[in-house]
Amino acid sequence: MCCSEAEIGISDDNSGIMEITDDVKNGTDLKDIYEIDDIVFEVDNKSLTNRPDLWGHYGIAREFAALAGRELKPLDLDDLKAYDGLKKIDMKIEDTLCQRYSCLQIENINRNVSPVNMRIRLFYCGMRAINYLADLTNYLMLEMGQPMHAFDSRKVEKIRIKRFDKPFTFKTLDGVERNIDENTLMICNGDAPVAIAGIMGGLDSEIVDDTTTLTLESATFNAVSVRKSTVRLAHRTDASMRYEKCLDPEMTVTAIARFVYLLKKYDSDIKVVSSLTDEYAFRYDTVVLDFDKNFVDRYTGIEISNDRIVATLESLGFKVELNNDNFSVTVPSWRATKDVNGTEIADKVTVQLMATDPYLSPRKQLVKSSEKKGLFLAMDIADIWLERALANKM
């Protein structure tokens, strides 16, 4: 039976019959060729909206690995040090609202359409396929939680990150003219704006069908600034929602290394023509928490061994030093952008422990509360007056 991708349920493309370019035998089940079957994990956890590390699949996988006692698979990355001898991109941060800006230039890009499995995953996550380079930045945003932007290098030569003294209009990728004020941070080609930092790129520098060279941006910006800009512009995007959560600046270079690895995997003739250009303008302080075993036991109501506490925290990326029953815990960079305290540490240990032993329950001493007759009498009187007041209104 001939069907479009939309009819099969793997994209919104209903323009024509899906073409299978892979060499497969007639009668082969489509599920044996492409990753159509999917498993959905429903996670009921309000912390998802507050923690930037949980806005990507890899961060969720880290939590699942700790709960299941499994090792977290490392991401396959390209070795960016191999390009250290190449020229750097002309880039400069001119405003403190930009915390870190990393970029790389790549040429000889021949592929325009993303692999089928990548398009399927994007569609399952609620995103439509655009072109290979745009799809790859969206794919990595979903995977790692780090937004990136690909500029056509023919239109971006001298990157400057800054604000302007006077308001002006700027046309974004969606074709809308937007009013930019003096408080909105912009990515510029010299003095010409090409993107709204952390929100959306400009129409004039977008990737098009004949783009063969790109300048890749991976950056972090002041979260409050991005949030206020989205309100003023009345325009929130998938990227801005992540930037608003205080992204980890340590992620920018890792995301570029991941991008280059996947780009090479599906377009092997690409050529990196610049060294990694990276300006790190703002660093979060290293967070170290000190507590003892008694604190964990008292807070959780469960007696947990030191080895179990150490193993749980290390599986989540925390560095732990143990001296007798005293813990000194260094918080990983992807958690240090938000306030974290000892009670969160205890919660982590408890959840992981109870996930592996569901019959375990906290032990707390129940104490009979003293009767407060005067308080109860006052509450009864208040109820009587409320009933009479409502009755009089009726």
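First things first, this report covers the structure right here in the doc. Throughout, a residue's number is its position along its own chain's written sequence, starting from 1. Per-residue local features of the predicted model are confined to residues with pLDDT of at least 70, and side-chain atom pairs are confined, for both listing and counting, to 80 or more; whole-chain, interface and lining totals are unaffected and use all residues. To obtain the side-chain values, all non-hydrogen atoms of the structure were used and water was disregarded.

Here we take up helix H5 (residues 223–233). Note on exposure labels: buried denotes an accessible area under 20% of the residue type's maximum, exposed denotes more than 50%, and partly exposed covers the range between, all computed with a 1.4 Å probe on protein chains only. Runs of E in the DSSP output that reach at least two residues are strands. Runs of H or I that reach at least four are helices, and both are numbered from the N terminus. Among all positions of H5, only Ala223, Ser225, Val226, Ser229, Thr230 and Leu233 are buried. One side of H5 carries all its buried residues, which in axial view fall inside an arc of 160°. Away from its buried face, by an angle of more than 90 degrees, H5 presents the exposed residues Lys228 and Val231. In this structure, the buried side of H5 is in contact with strand S6 (177–180), strand S8 (192–196), strand S10 (214–221) and helix H6 (238–243). Here a polar contact is recorded for every N or O atom pair within 3.5 Å, except that within protein the pair must consist of a potential hydrogen donor and a potential acceptor, and residues adjacent in sequence are included only if both atoms are side-chain atoms. Its side-chain oxygen at 3.1 Å from the backbone nitrogen of Val224, Asn222 defines the N-terminal cap of H5. Just beyond H5, the residue with positive phi is Ala234, at close to 55°. The arc in question is the one spanned by the directions pointing from the helix axis to the C-beta atoms. Contacts are residue-level and defined by heavy atoms, with any inter-residue pair within 4.5 Å sufficient.

DSSP bridges decide pairing: two strands pair if at least two such bridges lie between them. Judged by pairing direction, the sheet is mixed, and its five strands sit side by side in the order S1-S4-S7-S8-S9 without closing on themselves. In this open sheet, the two strands that pair with only one neighbour each are strand S1 (90–93) and strand S9 (200–201). For strand S7 (residues 186–189) and S8, the ladder comprises four bridges, and the chain directions are antiparallel. Along S8, the bridge assignment pairs Asn189 with Ala192.

Each regular strand shows side chains that alternate between the opposite faces of the sheet. Burial analysis of S10 places eight of its eight residues in the buried class, the great majority of the element. A two-sided burial pattern is seen for S10, the buried positions comprising Leu214, Leu216, Ser218 and Thr220 on one face and Thr215, Glu217, Ala219 and Phe221 on the other. Two strands pair when backbone bridges link them, and strand S2 (residues 98–107) and S10 are joined in this way by eight bridges, in the antiparallel orientation. From the neighbouring strand, Cys103 faces S10, where its bridge partner is Glu217. In terms of strand pairing, strand S3 (residues 148–152) meets S10 through five bridges, oriented antiparallel. Paired with Phe151 across the strands is Thr215, a residue of S10.

Our focus in this paragraph is the sheet that holds strand S14 (residues 319–323). For sheets, the rule is that strands pair by backbone hydrogen bonds, running either parallel or antiparallel. Pairing within the open sheet is antiparallel, and its three strands lie in the order S13-S15-S14. Every other strand in the sheet has two partners, leaving strand S13 (288–292) and S14 as the edge strands with one partner each. The mean angle between the axes of side-by-side strands here comes to 20°, regardless of whether they run parallel or antiparallel. Across the sheet, helix H8 (residues 293–300) is in contact with S13 and strand S15 (326–330); its angle to S13 comes to roughly 80°. Note on definitions: angles span 0 to 180 degrees between N-to-C directions of axes, and those axes are lines fitted to C-alpha atoms, for helices only across the stretch in contact. Most of the contacts of helix H9 (residues 306–315) go to S14, to which it runs at about 160°, and overall it touches S13, S14 and S15.

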